[in-house]
Structure formats: C-alpha cells, structure tokens
Amino acid sequence: MCFLKVQQPNLLVPPPECESVVFPARPFLHHHKDADTCGRTLHCWYHNMGNLLKVLTCTDLEQEPNFFLDFENAQPTDAEREVWEQVDVVLKDAKGVLDELQAYKGAGQEIREAISNPNDEALQEQAWAAVVPLVGRLKKFYEFSQRLEAALHSLLGALTSETYDDPTQHLEREQALAKQFAEILHFTLRFDELKMTNPAIQNDFSYYRRTLSRMRINNVPAEGENEVNNELANRISLFYADATPMLKTLSDGTTRFVSENKNLPIENTTDCLSTMATVCKVMLETPEYRSRFTTEETVSFCLRVMVGVIILYDYVHPVGAFAKSSKIDMKGCIKVLKDQPPNSVEGLLNALRYTTKHLNDESTNKTIKSMLQ
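Residues numbered from 1 in each chain as written. Predicted model: local features only at pLDDT ≥ 70, side-chain atom pairs only at ≥ 80, totals over all residues. Heavy atoms only, no water.

1. Here we look at the overall build of the chain
For the chain, the count of helices and strands is 17 helices and two strands. Considering the chain as a whole, with its 373 residues, one finds that 48% of them fall into the buried category. Contacts spanning at least 24 positions in sequence make up 72% of the contacts within the chain whose residues lie at least 6 apart. (Helix = DSSP H or I, 4+ residues; strand = E, 2+ residues; numbered from the N terminus. Buried < 20%, exposed > 50% of the residue type's maximum accessible area, 1.4 Å probe, protein only. Contact = heavy atoms within 4.5 Å.)

So, in structure tokens, the structure goes:
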C-alpha cells in the first residue's frame, strides 16, 4: 500500500482551509473556498467515495487514464483517415474469415477411410478431393494473418508516434484508430478460440502434406500443388502448429515493429498496450461509462480486448504483464473479469491462464496466481 504524496500530512483530515460538505451525488468531498489552492493541495478532485479510496490505497501504478473510448461510434478525423482506410480494408474481411472458420468441418471421415484402405484408389481420390479445397481455405486464413500484421504495423506507427506526448492522448484523440486496434485484438482472440477447438484443421493439413509427398515420390501430378507449394506449406504448417496462431502473429509482428523502429523507445509501444488495457478496465468498472454501452455485445467486446491486449503486452514487454513493475493493474483486471457472469468469461480467464508467457514466472505475485487458479 502507498499513499499519494500531498502537502497535507494526513489526507484523511481535511486541510484547515477546507470545510467538509456532503453533496447528494458526491459524498465525502472536501469543498475548498479557493479551488485553485485546494487543487494544489490535494493534486486532483475525486468524485465519489470509491475513487477517494482508490487514492488512499493506491498501488505503485500511476494515476489511471480516465476517459470513455467509444468502441461503438468512433469515426476517423482527417488526421486519422489515411491509416484508418488502409486498416478498414483488412477488417472488412475479418468477419468472413471467422464465419468460414466457424463453419470448417474438415475431411475426417474421408481421411479415415482412405488410411484404413490404402489400396483402394477410389477412397484415396475421394479423400484428396475433399482435402484440397479445405487446404485452399487454410491458406486463405494464413494469408489473412499476414495482412492483419501489416494493418497492426500501420496502427502502431500512428498510435506510438511523437504526434502526442503520451499514449493516453493518442487513444483519447485518435479513437477511430484505437477502435480498429481493439477490433484486431477481438478478432485475434476469437480466431484462436475457434482454431483451438477444431482439431480437423491440423489433421487435414498433415494429411495433405503426407499425400503430396507420396505423390511426388511416385511422380503423380497433384492437383492443388500449384496453389500451395512446399515452401508455403512449411510456413502454413508452422502457423497452425501454434496453439494460438493469430496471437503469435500479432506478438511477433509487434516485436518486429519495435525492432524496425529503433528511433522509437520500446516504452512507446508497451505503454500504448498497457494504457489500452487500463482504459478497458476503467470503462468496465465505472457505472457511468459502462451505462453508455448500448448493447451487452460491447461489454463482451471490451472484456475481450482487455484480455487480448494484456496477453500481447505479456509477450512484448521484457518482463511481462504480471511483474511488479508492470503498468497493468492485473489484480484489477482479473477482478473485473470475475465480476461478470461466470459462463461469459471463463474462456477469457483460460486465455490468461494458458496463453500468457509470464504468469508462471517466480516473480509473479502469488495473489495474482491464486486469483487465476
């Protein structure tokens, strides 16, 4: 526990020049006769008991950014428009990718029959005919991940630039770009959830590669080989071998962005991520902000974005999201998740448990570990 540094030695006792008054909607405010002097004495105003208690029991985190990020209605300003339009072209295809992935059934039956009857040429041909178009779809998903990484680079370039002094100003004044960044994170978690629950994806691709290899040995011309050559097949195979392929694409892409922009301090990028996580947390736990969401879908979106950006921060930051020096209030974020209906957030809690990089480090606070058990 730490106490905010103020000129008055005891914040619990109002300064002598202040008088305690009670407003119906704002209990326990100290109203000062000279607002400027009081502002210098207390440093900031807090509008309810909950926020005052936050100050009295603050962590080592800096004061949290406190503004409403309009995930529902943010529109690009003239300054944002060029980057926004580039990213919008990619995001327009995101829903279609998720719909196709959700509908992906695989060729398990045909593959099993072909493997069980290796000498039955008709069954071999049926299995191959079933797998080839599916591999075309898997290739499409992989290529979309490359487009998504390029879109992420464009957004990070804008949101970490020197246009504004800090990430809070970027996110507050470039809300349309912040919304697109959130949509990329939302898509990423959803894609990986669907992929993890569909073993047919890797089974189909493994069968395709084995069969293709056998055809080459036997000099049999293979339909579909031109679409996915050996080099591309290797890259696609590595992509789907990861438990969370789209998240790995984003984390690798963010790391590349940092290494390619050596003139930008890494803090510009990690602070952008931590600020986004904090803004989501504050909006979810503040009734006046949360009430501005018009649908429960936006609440779910905000929760998913908060978790996605925590995981990304954990991969990109040298010591991760769970370290004492982290700029993300992990206890607060986990509490926000646990305050939701259990069935609606179990997948997000599991994402923190099983897809983060540093949760099980010895340096991770035991309380945080126990909250996620």
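Next comes the rest of the write-up.
2. Quick look at the nonpolar core
In this structure, Phe-181 and Met-276 are the most contacted members of the largest nonpolar core, which totals 104 residues. Sequence-distant contacts of Met-276, defined by excluding residues within four places in its chain, comprise Leu-69, Phe-71, Leu-171, Ala-178, Phe-181, Ala-182, Val-305 and Val-309. (Core = buried A, V, L, I, M, F, W, Y, C linked by side-chain atoms within 4.5 Å.)

3. Points about the pattern of salt bridges
Scanning all chains against the criterion turns up 17 salt bridges. Glu-149 is the partner of Arg-256 in a salt bridge, and the nearest nitrogen-oxygen pair spans 2.8 Å. Linking Arg-256 in helix 11 (residues 245-260) with Glu-149 in helix 6 (residues 121-159), this pair joins segments that are 107 residues apart in sequence. The partly exposed category is assigned to Arg-256, whose relative accessible area is 36%. One salt bridge in this structure joins Arg-190 and Glu-193, with 3.1 Å as the shortest N-O distance. Taken as a pair, Arg-190 and Glu-193 lie in helix 8 (residues 175-196) at a separation of three residues, close to a single helical turn. One continuous salt-bridge network, built from bridges that share partners, spans Glu-100, Arg-137 and Lys-140. (Salt bridge = Lys/Arg side-chain N within 4 Å of Asp/Glu carboxyl O.)

4. Re helix 10 (residues 230-241)
Because the α-helix completes a turn every 3.6 residues, residues three or four places apart line up on one side. The end-to-end C-alpha distance of helix 10, which contains 12 residues, comes to 16 Å, matching closely the 16 Å that a straight helix rising 1.5 Å per residue would cover. Residues Leu-232, Ala-233, Ile-236, Phe-239 and Tyr-240 constitute the buried set of helix 10. Buried residues of helix 10, viewed axially, fall in a sector of 120 degrees; they line one side. Opposite the buried face of helix 10, by more than 90 degrees, sit the exposed residues Glu-231 and Leu-238. The inward-facing, buried residues of helix 10 contact helix 6, helix 8, helix 9 (200-217) and helix 11. (Expected span 1.5 Å × (residues − 1). Arc of directions from axis to C-beta.)

5. Concerning the environment of Lys-139
Take Lys-139: it is sitting in helix 6. Along the sequence, Lys-139 and Phe-205 sit 66 residues apart, while their C-alpha atoms lie 9.9 Å from each other.

6. Section: the confidence of the model for the chain
Close inspection of predicted coordinates is inappropriate in any region flagged by low pLDDT. Chain-level statistics for the chain give a pLDDT mean of 81 and a share of 80% at 70 or above. Mean pLDDT across the secondary structure elements of the chain bottoms out at helix 2 (residues 49-56), with 35, and peaks at helix 4 (residues 94-102), with 96. Note that pLDDT drops below 50 for residues 1-61; the model gives that stretch 77 contacts with residues more than four away or on any other chain. (pLDDT = per-residue confidence, 0-100.)

7. Description of the packing of aromatic side chains
For the structure on display, the rule yields nine aromatic pairs. Taking 6.1 Å as the distance between ring centres and 85 degrees as the angle between the ring planes, the aromatic pair formed by Phe-141 and Phe-191 counts as edge-to-face. With a gap of 50 residues between them, Phe-141 in helix 6 and Phe-191 in helix 8 connect regions that are remote in the sequence. When sorted by exposure, Phe-141 lands in the same class as Phe-191, which is buried. A connected cluster of aromatic rings, assembled from ring pairs, spans Phe-141, Tyr-142, Phe-144, Phe-187, Phe-191, Phe-239 and Tyr-240. (Phe/Tyr/Trp six-rings, centres within 6.5 Å; stacked < 30°, edge-to-face > 60°.)

8. Some thoughts on the side chain of Thr-286
Checked against the element boundaries, Thr-286 lands in the loop between helix 12 (266-285) and helix 13 (287-290). Side-chain polar atoms of Thr-286 contact the backbone oxygen of Val-282, separated by 2.6 Å. (Polar contact = N/O pair within 3.5 Å; in protein donor to acceptor, adjacent residues only side chain to side chain.)

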